[in-house]
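# Fold and contact review
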Amino acid sequence: MRLLILLLSLAVPMRASAAPGPFQPIEPRLPTPSASRLGSGHPGPAYWQQRADYELDVSLDEEERRISGRARITYYNRSPHALPYLWLQLDNNIFSRDSDAARSAVAPDMNHISYETLAARLLGESFDGTLKLDSVTSGGQPVAHRVVKTLMRVDPAQPVPPQGQYQLEIRWHYTVNDATVLRARTGYEAFDDGHVIFEIAHWYPRMAVYSELRGWHNDQFLGGGEFSLEFGDFLLRVTVPSDHVVAATGILQNPEEVLSSAERARLASAQTSTAPMYIVTPAEAAAKCKSPEPPGRTKTWVFRARNVRDVAWASSRKFIWDALGVKASPQEERTVLAMSFYPNEAEPLWNSYSTRAIAHTLDVYGRHTFPYPYPVAISVNGPVGGMEYPMISFNAPRPKEDGTYYGKADKGSPWRHSKYGLISVIIHEIGHNWFPMIVNSDERRWTWMDEGLNTFLQFLAEQEWEEDYPSRRGFAEDIVEYMQSRRQVPIMTTSESLIQFGNNAYAKPATALNVLRETVLGREIFDDAFRRYAQAWRFRRPLPGDFFRIMEDASGIDLDWFWNGWFYSTDHVDIAVGTIREWSLDSRDPRRDKLARRRERDAKGANATQLGNANSIRLVQRIESLKDFYSTYDPLDVTSGDLDAYEKLLEELDDDEKALLETRGHFYTVDFYNRGGLVMPIIVEVRYEGGDTEILRLPAHIWRYSPRSVTKLIVSEKPIVGLTVDPLRETADVDTSNNHWPAQVEKSRFELFKEKEETSPMKKAREAAKEDEEETSSENGAPKASTRKRGTPSLDEVRE
């Protein structure tokens with residue numbers, strides 16, 4: 001039986017707040033709407049963005065670990081402005097000893113420095129991976145240019161006019177970093193058998209973004225904030241040793257020249273297979289490593305990619321290659337080829353899960369946003385732990401040397417299997433094709449717009465993989481420890497100033513979106529609004545305000561309080577239940593009301609003083625003359641005057657008012673306190689006498705007059721015997737000890753240890769540092785050796 005319940009807010013708040021409240025509009029924080037960006041969050045009729053097409057030739061010298069390249073760039077100025085100079089990104093210059101990333105790196109903890117960290121620091125001091133320019137020309141003539149650390153400014157002879165274009169040719173070379181020591185988004189890994197996997201990214205001069213609000217996006221690359229790029233068409237020619245297999249952004253254009261007839265046949269069959277098929281088998285990959293072709297022989301692999309913002313590639317003779325055709329969506333006949341490239345050292349884990357994880361990602365992300373638009377989706381195993389580029393991603397988890405992939409046996413450890421690390425990192429990196437490779441946000445400024453949104457969708461995909469999937473990020477209760485920590489900054493902080501990078505840019509925004517979906521909007525409303533955002537900004541460049549606005553515009557629900565609290569503050573959720581009072585409605589009939597009060601008085605009993613004086617002889621007992629009517633009068637006796645007053649009252653009331661006096665039920669006022677500062681809906685489970693329960697969902701606007709405390713009136717048919725705030729653990733409430741009425745015993749556990757065991761503060765500090773290091777090196781859920789995404793040469797551990 002659903003109990004009839006009436007909920008009313010008391011008109012007078014318990015305590016007023018003098019400071020601007022959490023319900024203040026966020027419009028002053030956002031760019032003013034214009035014909036380019038509408039107040040609804042959608043791109044306007046005057047929206048424009050630049051474009052750059054590339055023809056890239058690159059050669060890999062395996063022995064020297066060297067890249068040589070030539071880029072022919074056609075830049076299209078679609079802005080209404082003449083451009084006197086152009087900016088390009090030379091992000092590989094982060095490997096210069098003079099880069100801002102190297103010079104601004106702070107010292108590691110010298111009391112507890114690992115072999116790995118020291119090796120990286122020493123290598124960072126000696127290694128020079130700077131992109132060295134051989135020539136910069138246009139129309140065959142040298143062009144004035146200036147390198148500014150990780151950027152280059154090119155000065156054309158004449159400004160590039162509106163709707164004009166400019167052609168540029170650049171030749172360069174550089175030395176590739178050892179990514180197992182100098183961790184980064186790019187690099188090589190050398191194996192004991194002498195062979196190498198190359199994963200090559202941010203390897204060519206790339207046009208920086210020019211936009212209507214910021215002009216040139218020419219922030220230096222410091223390692224944390226990633227890349228902001230323009231869309232274009234790419235023709236890529238990669239020349240590598242002849243026995244190498246190359247994976248790259250785009251469609252292979254010359255399979256007849258680089259693949260055997262058997263490999264071409266297998267690739268064609270994979271398009272319609274129901275399970276991943278080997279294109280290059282484990283035995284074939286092993287045979288090439290056992291008997292490599294003589295040095296000096298090369299092949300050129302040609303790829304073409306349309307409407308992408310970047311290209312990356314990987315090359316090795318160690319690669320096994322499998323593929324599976326996946327329908328782009330239920331409504332389309334188009335097939336996407338999901339492919340994985342990995343060495344025998346990655347087996348049996350990769351063959352079992354990599355390509356299947358790609359296919360699963362295409363399905364889940366496509367349903368929540370838009371169908372995957374590209375023809376291939378690739379996962380490559382190598383030294384880069386987890387990094388994404390259009391159509392291709394680099395992912396590192398591998399099984400142990402004995403072929404097993406179990407970690408800790410304890411089921412309570414969420415990453416007890418590198419299996420789940422692999423599945424999650426592939427979901428995450430393939431998912432980045434949507435954010436930011438298509439919904440093209442500025443990663444160098446707003447990391448959360450790609451990492452946070454993507455981690456949220458990763459969580460949805462993980463939960464669709466299997467029941468009780470051990471997701472690290474997404475559940476509200478898993479963010480509690482971070483939310484109450486002191487070392488944090490708001491989500492709306494630029495990338496290079498973030499503290500606890502993984503928690504801030506990944507976990508907190510992902511959790512916030514899950515809370516918004518499950519608790520605030522509901523799945524149907526949220527999913528519709530989120531899908532509209534993704535579709536409105538596909539192949540365009542949204543800003544944070546566009547996301548905030550379109551989520552409100554499409555949902556029809558005021559969410560300013562949510563953005564203020566979750567994205568612009570470091571407040572946390574801590575809603576406490578306070579005093580609960582039961583009220584009785586007087587019927588105004590003295591016969592009933594005075595009887596009820598008499599029973600209440602009798603039930604209360606005598607107090608301590610009255611009990612102590614019970615046997616005392618009072619003055620009126622000794623002197624009879626002092627007694628009169630009032631000496632024995634009981635104010636709860638019904639008098640004729642009481643009855644007369646009641647009859648007179650009834651004459652003044654109409655029938656509806658008389659009916660209200662007959663209301664039966666239980667009236668309760670409950671005090672709720674917002675101790676964490678972040679306003680949220682109050683979700684409270686009410687337990688009634690007899691065992692019935694009901695969950696009440698009070699919207700966040702209950703706090704609008706008094707953000708720190710509020711009182712609710714509950715009228716129920718049955719007596720209330722208990723209350724629990726956030727019973728389903730959906731709001732990230734940091735302190736559950738104050739969530740119950742009556743209060744409950746908080747249960748915990750403790751361990752015994754022998755006195756000889758070290759328990760010093762230094763040991764505790766080392767253990768805490770180790771935990772922090774493990775967390776910062778596993779942003780996307782993969783094992784430590786494979787997940788660092790912010791590859792500064794100096795390995796600045798302190799940022800996280």
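Our structure's up above, just so we're on the same page.
Residues numbered from 1 in each chain as written. Predicted model: local features only at pLDDT ≥ 70, side-chain atom pairs only at ≥ 80, totals over all residues. Heavy atoms only, no water.

## What about the overall build of the protein chain?
Broken down by element type, the protein chain carries 20 helices and 32 strands. Counting across all 800 residues of the protein chain, residues that qualify as buried make up 54%. Counting only carbon and sulfur atoms, one obtains 50% of the accessible surface of the protein chain, whose full area is about 36,100 Å². (Helix = DSSP H or I, 4+ residues; strand = E, 2+ residues; numbered from the N terminus. Buried < 20%, exposed > 50% of the residue type's maximum accessible area, 1.4 Å probe, protein only. Areas by Shrake-Rupley, 256 points an atom, 1.4 Å probe, with all protein chains shown as cover.)

## Examining the sheet that holds strand β12 (residues 206-207)
Spatially, four strands are ordered β7-β8-β4-β12 in an open sheet, and the strand pairing comes out antiparallel. Each end of this open sheet is capped by a strand with a single partner; those strands are β7 (144-148) and β12. Where strand β4 (residues 86-89) meets β12, two bridges bridge the pair, whose relative direction is antiparallel. Following the sheet pairing, Gln89 is matched in β12 by Arg206. (Pairing = 2+ DSSP bridges.)

## Quick notes on the sheet that holds strand β6 (residues 141-142)
The eight strands are arranged β6-β5-β9-β3-β2-β15-β19-β17 in an open sheet whose pairing can be described as mixed. Only two strands of the sheet have a single partner each, and these edge strands are β6 and β17 (251-252). By the bridge criterion, five bridges tie strand β5 (residues 132-138) to strand β9 (residues 165-175) in an arrangement that is antiparallel. Within β9, the position partnered with Val136 by the bridge is Ile170.

## Details of the packing of aromatic side chains
Applying the stated criterion to the full structure yields 48 aromatic pairs. Ring centres 5.4 Å apart and planes at 75° place the aromatic pair Phe456 and Phe526 in the edge-to-face group. Here the residue Phe456 occupies a position in helix α8 (residues 448-465), and Phe526 occupies one in helix α11 (residues 523-536), the gap between them amounting to 70 residues. Residues Phe456 and Phe530 carry aromatic rings whose centres are separated by 5.7 Å and whose planes lie at 70° to one another, so their mutual orientation is edge-to-face. On the criterion of sequence distance, the pair formed by Phe456 in helix α8 and Phe530 in helix α11 is long-range, its members being 74 residues apart. (Phe/Tyr/Trp six-rings, centres within 6.5 Å; stacked < 30°, edge-to-face > 60°.)

## Examining the environment of Leu324
Along the polypeptide, Leu324 turns up in strand β21 (residues 320-327). Residues Leu324 and Met277, 47 residues apart in the sequence, show an inter-C-alpha distance of 6.4 Å. Setting aside residues no more than four positions away along its own chain, Leu324 makes contact with Ala270, Ser273, Thr274, Ala275, Pro276, Val336, Leu337, Ala338, Thr355, Arg356 and Ala359. (Contact = heavy atoms within 4.5 Å.)

## What to know about the nonpolar core
Core analysis: the biggest nonpolar cluster contains 196 residues, and Trp203, Trp313, Phe562, Trp566 and Phe567 have the highest contact counts within it. It is helix α6 (residues 349-368) that contributes the most residues to this core, nine residues altogether. Of all hydrophobic cores here, the second largest spans five residues; its members include Val489, Phe501, Ala505 and Tyr506. (Core = buried A, V, L, I, M, F, W, Y, C linked by side-chain atoms within 4.5 Å.)

## A short note on the pattern of salt bridges
The final tally for this structure, using the stated rule, is 51 salt bridges. Ionic pairing is found between Glu62 and Arg317, a salt bridge with its closest N-O pair at 2.9 Å. Placement of the pair is Glu62 in the loop between β2 (51-61) and β3 (66-76) and Arg317 in the loop between β20 (313-316) and β21, with a sequence separation of 255 residues. According to the relative accessible area criterion, Arg317 is buried, its value standing at 5%. The partner of Arg185 in a salt bridge is Glu226, with the nearest N and O atoms 3.1 Å apart. You can see Arg185 sitting in the loop between β9 and β10 (187-190) and its partner Glu226 sitting in the loop between β14 (215-216) and β15 (232-241), a full 41 residues away along the chain. By relative accessible area, which is 2% here, Arg185 ends up buried. In the salt-bridge network here, residues are joined through shared partners; they are Glu55, Asp57, Arg70, Arg72, Glu169, Arg171 and Arg237. (Salt bridge = Lys/Arg side-chain N within 4 Å of Asp/Glu carboxyl O.)

## Considerations on a negative patch on the surface
Together, Asp644, Glu647, Glu651 and Glu652 make up a region of like negative charge exposed at the surface. Within the secondary structure, Asp644 sits in helix α18 (residues 640-652). Here Asp644 falls in the exposed class, since its relative accessible area comes to 54%. (Patch = residues over 30% accessible without salt bridge, like charges linked within 9 Å, V, L, I, M, F, W, Y side chains within 5 Å. Lys, Arg positive; Asp, Glu negative; His and termini not counted. Charge placed at Lys NZ, Arg CZ, Asp CG, Glu CD.)

## Some words on unusual backbone geometry
The linkage connecting Glu347 with the following residue, Pro348, adopts the cis geometry, with an omega of 5°. The residue Pro348 is located in the loop between β22 (335-342) and α6 in this model. In this model, Asp468 sits at a positive phi of 60°, which is unusual for a non-glycine residue. Relative to the helices and strands, Asp468 resides in the loop between α8 and α9 (480-483). Although it is not a glycine, Phe539 adopts a positive phi angle of roughly 60°. One can find Phe539 in the loop between α11 and α12 (544-555).

## Looking at the pairing of β15
Counting buried residues in β15 gives eight out of ten residues, a clear majority hidden from the surface. Sheet topology places β2 next to β15; six bridges connect them, and they run parallel. Each bridged residue has a counterpart across the sheet, and for Leu56 the counterpart in β15 is Leu236. Across nine bridges, β15 lies against strand β19 (residues 298-308) in antiparallel orientation. Its bridge partner being in β19, Pro241 is matched across the sheet by Thr298.

## Details of the packing of helix α10 (residues 501-521) against α11
Where α10 contacts α11, the axes come no closer than 7 Å and their chain directions differ by 135°. Regarding the angle of α10 to α11, the classification is oblique. For the pair α10 and α11, contact is made by Leu513, Leu516, Arg517, Glu518 and Leu521 and by Arg523, Ile525, Phe526 and Asp527, respectively. Tallied by class, residues from the contact of α10 with α11 come to five nonpolar, no polar and four charged. (Axes fitted to C-alpha atoms, helices over the stretch in contact; angles between N-to-C directions. Parallel < 35°, antiparallel > 145°, perpendicular 65-115°, else oblique. Nonpolar A, V, L, I, M, F, W, Y, C, P; charged D, E, K, R; others polar.)

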